[in-house]
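# A structural walkthrough
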Amino acid sequence: MKNSLTLIIDTAHPTARVILADNEKVLGIREFTNTPKVGTDLLLYIEELLIEVKKDKESITRISVHAGPGSYGLVRTGIVTATIFAQAISAELVEITGETVDELVESARGARAVGSVEARYR
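The structure displayed is predicted, hence computed values, not measured ones.

Cut-offs applied
Residues numbered from 1 in each chain as written. Predicted model: local features only at pLDDT ≥ 70, side-chain atom pairs only at ≥ 80, totals over all residues. Heavy atoms only, no water. Salt bridge = Lys/Arg side-chain N within 4 Å of Asp/Glu carboxyl O. Helix = DSSP H or I, 4+ residues; strand = E, 2+ residues; numbered from the N terminus. Buried < 20%, exposed > 50% of the residue type's maximum accessible area, 1.4 Å probe, protein only. Pairing = 2+ DSSP bridges. Axes fitted to C-alpha atoms, helices over the stretch in contact; angles between N-to-C directions.

### Quick look at the pattern of salt bridges
Side chains that carry opposite charge are capable of pairing whenever their charged atoms lie near each other. Per the counting criterion, the structure on display carries nine salt bridges. Linking R17 and E31 is a salt bridge whose minimum nitrogen-to-oxygen distance equals 2.9 Å. On the criterion of sequence distance, the pair formed by R17 in strand β2 (residues 15–21) and E31 in strand β3 (residues 26–33) is long-range, its members being 14 residues apart. According to the relative accessible area criterion, E31 is partly exposed, its value standing at 48%. The residue E95 makes a salt bridge to R120 at a minimum N-O spacing of 2.7 Å.

Here it is, written out as structure tokens:
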């Protein structure tokens, strides 16, 4: 099986995360306090993570996003970012669940691609 690179975006929790993982391991993680400012910082964290693991965005084959439940604006920011990014680089879009890094990664590896992600709010 070809080794794919997955970007995981979680803005549904108080500690937001972006994670890069392949089929075998987590390559890098950025965790940050999830605030209304996440919309201006999310792409910066993704870019920093890609630089750290020496990958370019075109090498990402799937983008996984947590759909909530969570705060309206924060969950929506993650979903919109993931959707547009996936379209821009022709990556699969995947909806995931989970609380921990391990749960998010496992969900991202096992989920099927979707055409869109429907947010769940608190």
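Having seen the structure, we can now continue with the description.
### A short note on the sheet that holds strand β1 (residues 5–10)
Reading across the sheet, the five strands line up as β3-β2-β1-β4-β5 and stay open at both edges, with mixed pairing between neighbours. The open sheet terminates on both sides in strands that have one partner only, identified here as β3 and β5 (92–96). With direction set aside, neighbouring strand axes in the sheet form an average angle of 15°. Where β1 and strand β4 (residues 60–66) come together, five bridges link them in parallel fashion.

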